[in-house]
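Chain by chain, the residues:
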Amino acid sequence: MFIASVSDFRKDIKSYLDRVSKNFETLIINRGKDSGIVVMSLEEYNSLMATNYELSSRKNEMRLDAAIEKLKIGKSYSKELIEE
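Per an unreviewed UniProt entry, the recorded name for the protein is Antitoxin, and the organism is Chryseobacterium gotjawalense. Database annotation for the protein, UniProt heading Function (unreviewed entry): "Antitoxin component of a type II toxin-antitoxin (TA) system."

Given below as structure tokens:
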């Protein structure tokens with residue numbers, strides 16, 4: 001995560017957006033007394049939305065927690081994928 005002022009962002013918008021896109025960094029644009037703005041790559045945003053969806057119901061959250069716990073204690077298995 002890095003921070004820029006509106007004027008700095010405006011002066012060099014391309015390099016800021018390239019940095020966000022290429023390095024999966026999050027940019028916060030400080031707007032003084034107004035609310036700040038967050039800029040992130042589309043991939044990062046989609047990942048965040050997918051995680052939010054997966055955790056949106058208590059049942060999904062509990063199932064994910066149980067799967068993580070099984071991985072931690074070694075009660076997992078791997079399976080070969082079938083190539084077609």
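Moving on from the coordinates now.
Undergrad: Hey, could you go over the nonpolar core for me, with residue numbers and the actual values?
TA: It is characteristic of soluble globular proteins that their nonpolar side chains tend to be buried jointly. Formed by Phe2, Ala4, Phe9, Tyr16, Val20, Leu27, Ile29 and Val39, the largest nonpolar core amounts to eight residues. Breaking this core down by element, the ones donating at least two residues are strand 1 (2-5), helix 2 (13-23) and strand 2 (27-30). Leave out the neighbours within four places in its chain, and Leu27 touches Phe2, Ile3, Ala4, Phe9, Tyr16, Val20, Ile37, Val38 and Val39.

Undergrad: Explain the pattern of salt bridges residue by residue, including any values.
TA: Scanning the model with the defined rule gives three salt bridges in all. In this structure, Lys14 engages Asp18 in a salt bridge whose closest nitrogen and oxygen atoms are separated by 2.7 Å. Of the two residues, Lys14 and Asp18 both sit in helix 2, four residues apart, roughly one turn of that helix. Note that Arg19 is salt-bridged to Glu25, the shortest N-O span being 2.9 Å.

Undergrad: Lay out the side chain of Ser41 in plain terms, naming residues and giving numbers.
TA: Assignment of secondary structure puts Ser41 in the loop between strand 3 (37-39) and helix 3 (42-54). On the basis of relative accessibility, which here comes to 5%, the residue Ser41 falls in the buried class.

Undergrad: Tell me about the environment of Ala4, and please be specific about residues and values.
TA: Along the chain, Ala4 falls in strand 1. Judged by its relative accessible area of 4%, Ala4 falls in the buried class. In this structure, Ala4 is in contact with Tyr16, Leu27, Ile28, Ile29 and Asn30, ignoring residues within four places of it in sequence.

Undergrad: Explain helix 4 (residues 58-73) to me, using residue names and the numbers behind them.
TA: The first and last C-alpha atoms of helix 4 sit 23 Å apart over 16 residues, in line with the 22 Å expected at 1.5 Å per residue. Looking one or two residues beyond helix 4, the residue adopting positive phi is Gly74, at roughly 85°.

Undergrad: Outline the side chain of Asn60, supporting the account with residue identities and numerical values.
TA: Structurally, Asn60 is set in helix 4. Setting aside chain neighbours within four positions, we find Asn60 in contact with Tyr53 and Glu54.

Undergrad: Describe the sheet that holds strand 2, listing the residues and the values that go with them.
TA: Pairing is mixed in the open sheet, where three strands are placed in the order 1-2-3. The outermost strands of the open sheet, each flanked by one partner alone, are strand 1 and strand 3. The mean angle between the axes of side-by-side strands here comes to 30°, regardless of whether they run parallel or antiparallel. Of the strands in this sheet, strand 1, strand 2 and strand 3 are in contact with helix 2, which crosses strand 1 at around 165°.

Parameters at a glance
Residues numbered from 1 in each chain as written. Predicted model: local features only at pLDDT ≥ 70, side-chain atom pairs only at ≥ 80, totals over all residues. Heavy atoms only, no water. UniProt positions renumbered as here; feature names shortened; annotations may be inferred. Core = buried A, V, L, I, M, F, W, Y, C linked by side-chain atoms within 4.5 Å. Buried < 20%, exposed > 50% of the residue type's maximum accessible area, 1.4 Å probe, protein only. Helix = DSSP H or I, 4+ residues; strand = E, 2+ residues; numbered from the N terminus. Contact = heavy atoms within 4.5 Å. Salt bridge = Lys/Arg side-chain N within 4 Å of Asp/Glu carboxyl O. Expected span 1.5 Å × (residues − 1). Pairing = 2+ DSSP bridges. Axes fitted to C-alpha atoms, helices over the stretch in contact; angles between N-to-C directions.

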